[in-house]
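Structural features, examined
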Amino acid sequence: MSPEQSSAPDGAAPDPSAAPDAGAPDAVPAQPTAADAARAEADETPTDGASDDATTAAGGTAGEVEIESVVDPTTVRRAPRYRAFFTVGVVLGTVLGLGLGGAWLQSPAAAPVFKPGVYFTVIVVTCAALGAGVAGVWAVVADRRSLRGRR
């Protein structure tokens, strides 16, 4: 096996203690990794607690700012959550479609239909889509209403 080839399988790091030619004069010394540099930097930081006092007095890490001092609660806009609106619309539309489709299947109008299941499915899917559309319009109206006092 040549020095460029590794005895470890692909994706696995070779074991440095098992290297047969580690003391060979043509062996390349190992390069320090980012983890080694981070470990060395962590060892050099003082642990006397002086820097910890500044961070704990501020209530968090250094450079962190109190949210109350930056954000004015009167300017926070409460926008509607569109996903929730659409989910409720689809669910309500599906329930309405199941009711309408079931009522249609029980009526005498469904008797001459060749495949009533197809019509039932179309009614349910159409009602679900209409429910999502109505819910989307409702969400946009709620969003516009939340902006009314800000202009």
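What you see is a predicted model, and the numbers here were worked out from it, not measured in a lab.

**Observations concerning the overall build of the protein**
Along the protein, the regular secondary structure elements total five helices and zero strands. Listed N to C, the secondary structure of the protein is α-α-α-α-α in terms of helices and strands. As displayed, the protein offers around 12400 Å² of accessible surface, 63% of which is attributable to carbon and sulfur atoms.

**Comments concerning helix H4 (residues 82-106)**
End to end, H4 covers 36 Å across 25 residues, agreeing with the expected 36 Å (1.5 Å per residue, within 8%). Along H4, the residues classified as buried are Phe85, Gly89, Gly93, Gly97 and Gly101.

**Regarding the environment of Leu92**
On the secondary structure map, Leu92 appears in helix H4. The exposure class assigned to Leu92 is exposed, which follows from its relative accessible area of 56%. Sequence-wise, Leu92 and Leu130 are 38 residues apart; in three dimensions their C-alpha atoms are separated by 9.8 Å.

**What to know about the packing of H4 against helix H5 (residues 116-147)**
H5 packs onto H4 with a crossing angle of 150° between their chain directions and a minimal axis gap of 6 Å. When the interaxial angle is binned, H4 and H5 end up roughly antiparallel. With respect to the hand of their crossing, H4 and H5 are arranged in right-handed fashion.

**Brief notes about the packing of aromatic side chains**
Going through the model one piece at a time under the given rule, you end up with two aromatic pairs. Centroid distance Phe85 to Trp138: 5.3 Å. Interplanar angle 85°. Geometry classified as edge-to-face. In this pair, Phe85 is assigned in helix H4 and Trp138 in helix H5, connecting sequence segments 53 residues apart. In this structure Phe85 comes out as buried when scored by relative accessible area, which is 19%.

**Quick look at H5**
What sets the pattern is the α-helix's 3.6 residues per turn: residues three or four places apart point alike. An ideal rise of 1.5 Å per residue puts 46 Å on 32 residues; H5 measures up with 47 Å between its terminal C-alpha atoms. Those residues of H5 that fall on the buried side of the exposure criterion are Val124, Cys127, Ala128, Gly131, Ala132, Ala135, Gly136, Ala139 and Asp143. Those residues of H5 that are buried are in contact with H4.

**Structural notes on the environment of Pro116**
The topology assignment puts Pro116 in helix H5. Judged by its relative accessible area of 30%, Pro116 is partly exposed. On a C-alpha basis, the gap between Pro116 and Gly101 in space is 9.5 Å, while along the polypeptide they are 15 residues apart. When neighbours within four sequence positions are excluded, Pro116 is seen to be in contact with Trp104 and Leu105.

**Some remarks on the confidence of the model for the protein**
Per-residue confidence for the protein gives a mean pLDDT of 74, with 54% of residues at or over 70. Averaged pLDDT values over the elements of the protein bottom out at 50 in helix H2 (residues 50-57) and peak at 94 in H4.

**Overview of a nonpolar patch on the surface**
Among the surface-exposed residues, Val65, Ile67, Val70 and Val71 lie close enough to one another that they form a single nonpolar patch of about 380 Å² accessible area. Residue placement: Val71 occurs in the loop between helix H3 (67-70) and H4. Taking the relative accessible area as the measure of exposure, Val71 reaches 40% and is therefore partly exposed.

**Quick look at the environment of Phe86**
With respect to the helices and strands, Phe86 occurs in helix H4. Residue Phe86 is classed as partly exposed on the basis of its relative accessible area, which comes to 35%. Distance from Phe86 to Val137, taken between C-alpha atoms, is 9.7 Å for residues 51 residues apart in sequence. Setting aside residues up to four positions removed in sequence, Phe86 forms contacts with Ala132, Ala135 and Gly136.

About the thresholds
- All residue numbers refer to positions counted from 1 along the written sequence of the respective chain.
- Predicted model: local features are reported for residues with pLDDT of at least 70 only, side-chain atom pairs are reported and counted for 80 or more only, and whole-chain, interface and lining totals are derived from all residues.
- By convention in this description, side-chain values take in all heavy atoms of the structure and omit both hydrogens and water.
- Numbering of helices and strands starts at the N terminus; helices are DSSP runs of H or I of at least 4 residues and strands are runs of E of at least 2.
- Surface accessibility follows the Shrake-Rupley procedure with a 1.4 Å probe radius. Residue values consider only the protein chains on display as shielding.
- For a helix, the expected span equals 1.5 Å multiplied by the residue count minus one.
- Under the scheme applied here, a residue whose accessible area is under 20% of the maximum for its type counts as buried, over 50% as exposed, and between as partly exposed, the area being computed with a 1.4 Å probe on protein chains only.
- Lines fitted to C-alpha atoms define the axes, with helix axes restricted to the stretch in contact, and inter-axis angles between N-to-C directions lie between 0 and 180 degrees.
- For classification purposes, angles smaller than 35 degrees are called roughly parallel, those larger than 145 roughly antiparallel, those between 65 and 115 roughly perpendicular, and all remaining angles oblique.
- Crossing handedness: left-handed means the near helix sits turned counterclockwise from the far one by under a right angle, and right-handed means the same turn made clockwise.
- Pairing of aromatic side chains here covers Phe, Tyr and the six-membered ring of Trp, requires ring centres within 6.5 Å, and sorts the geometry by plane angle: under 30 degrees stacked, over 60 edge-to-face, intermediate tilted.
- For this analysis, residues touch if any pair of their heavy atoms sits within 4.5 Å.
- Scored between 0 and 100, pLDDT is the confidence that the predictor attaches to each residue.
- Think of a patch as exposed residues, more than 30% relative accessible area, with no salt bridge, where like charges cluster within 9 Å and nonpolar side chains (Val, Leu, Ile, Met, Phe, Trp, Tyr) cluster within 5 Å.
- What makes a salt bridge here is a side-chain nitrogen of Lys or Arg within 4 Å of a carboxyl oxygen of Asp or Glu, nothing more.

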